[in-house]
Structure formats: structure tokens, C-alpha cells
Amino acid sequence: MKLYRHTPAETPDAPPRLGLPTADGAQLADLQRACARMLEAKGKADPSADATRLFPGDVTGWLNNGDVARTALNEVADWLAGQSGDRAEGLDGNRIFVPFDSVALQAPISPPKMLAVGRNYNEHKEEMYGRKVSEMPKVPAAWVKSNNTICGPNDDIVKPYMTRKLDYETELVLVIAR
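Rules used throughout
Residues numbered from 1 in each chain as written. Predicted model: local features only at pLDDT ≥ 70, side-chain atom pairs only at ≥ 80, totals over all residues. Heavy atoms only, no water. Helix = DSSP H or I, 4+ residues; strand = E, 2+ residues; numbered from the N terminus. Buried < 20%, exposed > 50% of the residue type's maximum accessible area, 1.4 Å probe, protein only. Contact = heavy atoms within 4.5 Å. Expected span 1.5 Å × (residues − 1). Arc of directions from axis to C-beta. Pairing = 2+ DSSP bridges. Axes fitted to C-alpha atoms, helices over the stretch in contact; angles between N-to-C directions. Phe/Tyr/Trp six-rings, centres within 6.5 Å; stacked < 30°, edge-to-face > 60°.

Asks: What is the right way to look at the overall build of the protein in this model?
Replies: Across its full length, the protein carries 5 helices and 7 strands. Buried positions account for 32% of the 178 residues belonging to the protein. Expressed as a percentage of contacts within the protein between residues at least 6 apart in sequence, the contacts between residues at least 24 apart total 58%.

Set out below in C-alpha cells:
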């Protein structure tokens, strides 16, 4: 299952929410709103609070909920399959299903810190400077990256004013969780 972290397109500074795409990929279902509505139908005492705990606005918080969150995701996905995208509303009166073009997709996670390790860093330096680097390091290079360097899939890449040459590099991020 694909999870998306998103905000409304017109208010990208709003707190992010988690969403699940519909089978046709045209809409995104708000998991917190769907979960609250599902729990209400099951007669739970405080469905909004339970849904907020199960589906916080970030993937890291969701992962921290462990097996309970994964079970809830499967239950909500099954419940959503039986809902009509045009009429379904959350307990807060907002739509559960929204068109993809009405949301701003965010980076899946926003960790407090990122530790980077690169074994092929000299190869990258050779590529940048156009010359051979004499000796490969015996140990991988390591550095800390600021979490404000994370951007969403459709965000602009901002060039800091002090940067003379903007370099590119593809990064793979692994989220280690249980």
C-alpha cells in the first residue's frame, strides 16, 4: 500500500495528513478522517481521538505505532473500498476523498536528523571536478544532513545564495522501524 503525506494545496503550511490513493489513482483518502468514521460506525467511544493516535500526520509517527497501526491501515483500506468518494465525510464535516490535484504532496518523513554515509564519494568528486582522485578512502565518508534539505516530490529545489554551482545527487533514504 502507498501512503502519502499531504496538505491542502491552497494551504501548504497546514498540518500534514496521511492519505491512501483510491484504486483508480484519481483521489486520495484521508486516513484519519476515514478511521474516525469507521470507528464511529463500530460504536467506539472517542473515534476522533483514536483515529488521531493511529494516523498522525507523519509516516514516522504512524510507524511508531507498530503492528496496531498496520492492522488499522488494513481495516481502514477495506472500509474505504466500500465507500463512495463523492459523499463520504469525516466526523469533522470535511471530505474523506479529495482529488489528487487538490493536495500538495509532502516528503514522507521529516526526521529530526539524517546521518549520511558514502563509500563512493570520491567517484562523485571526480565527476564534479572532472579529474581523477588519487586515492579511494579506506573507510566510508560520513556527514550529517540538515532536515530542512528534505523536499517533497513536487517541491522546488532551492539554491542557497552562497552556492556557486548547484550539484545533483540521488539519495536513497531507509527508514528503520519495526
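Asks: Looking at this model, I keep getting lost on the side chain of His6. Mind explaining?
Replies: Mapped onto the fold, His6 is located in strand β1 (residues 4–8). Each residue touching His6, except ones within four places of it in the same chain, is listed here: Pro15, Pro16, Arg17, Leu18, Gly19, Leu28, Asp30, Val103, Ala104, Leu105 and Gln106.

Asks: Can you walk me through helix α4 (residues 66–81) in this structure?
Replies: Think of an α-helix as turning once every 3.6 residues; residues three or four places apart then point the same way. In a regular helix each residue adds 1.5 Å, so 16 residues correspond to 22 Å; α4 covers 23 Å between its end C-alpha atoms and thus fits that length. Residues of α4 that are buried include every one of Gly66, Ala69, Ala72, Leu73, Val76, Ala77, Trp79 and Leu80, and no others. Each buried residue of α4 lies within a common arc of 160° when the element is viewed along its axis, so the set occupies one face. For α4, the exposed residues lying more than 90 degrees away from the buried face are Asp78 and Ala81. Buried residues along α4 sit in contact with β2 (17–21), β3 (27–30), α1 (31–41), α2 (47–54), α3 (59–64) and β4 (97–99).

Asks: Can you walk me through the sheet that holds β4 in this structure?
Replies: One key point about sheets: their strands pair by backbone hydrogen bonds, in either a parallel or an antiparallel sense. The sheet built from 5 strands is open, its strands ordered β4-β3-β2-β1-β5 with antiparallel pairing. Edge strands, defined here as strands with exactly one partner in the open sheet, are β4 and β5 (103–106). Strand-to-strand twist across the sheet, computed as the mean angle between neighbouring axes with direction ignored, equals 45°. Of the pairings in the sheet, the one linking β1 to β2 comprises 3 bridges and is antiparallel in character. Directly across from Arg5, in β2, lies its bridge partner Leu18.

Asks: Explain the packing of aromatic side chains here, please?
Replies: Two measures describe an aromatic ring pair: the distance that separates the ring centres and the angle between the ring planes. Under the criterion given, the structure shown has 1 aromatic pair. With 5.3 Å between their ring centres and 80° between their planes, Tyr4 and Phe100 make a pair best called edge-to-face. Here Phe100 lies in the loop between β4 and β5 and Tyr4 lies in strand β1, a separation of 96 residues in the sequence. When its relative accessible area of 21% is taken as the criterion, Phe100 is described as partly exposed.

Asks: Can you help me understand α2 in this one?
Replies: Every buried residue belonging to α2 is among Pro47, Ala51 and Leu54, and all of these are buried. Projection of α2 onto a plane perpendicular to its axis shows the buried side chains occupying an angular sector of 65°, all on one side. Where the residues of α2 are buried, they touch α1, α3 and α4.

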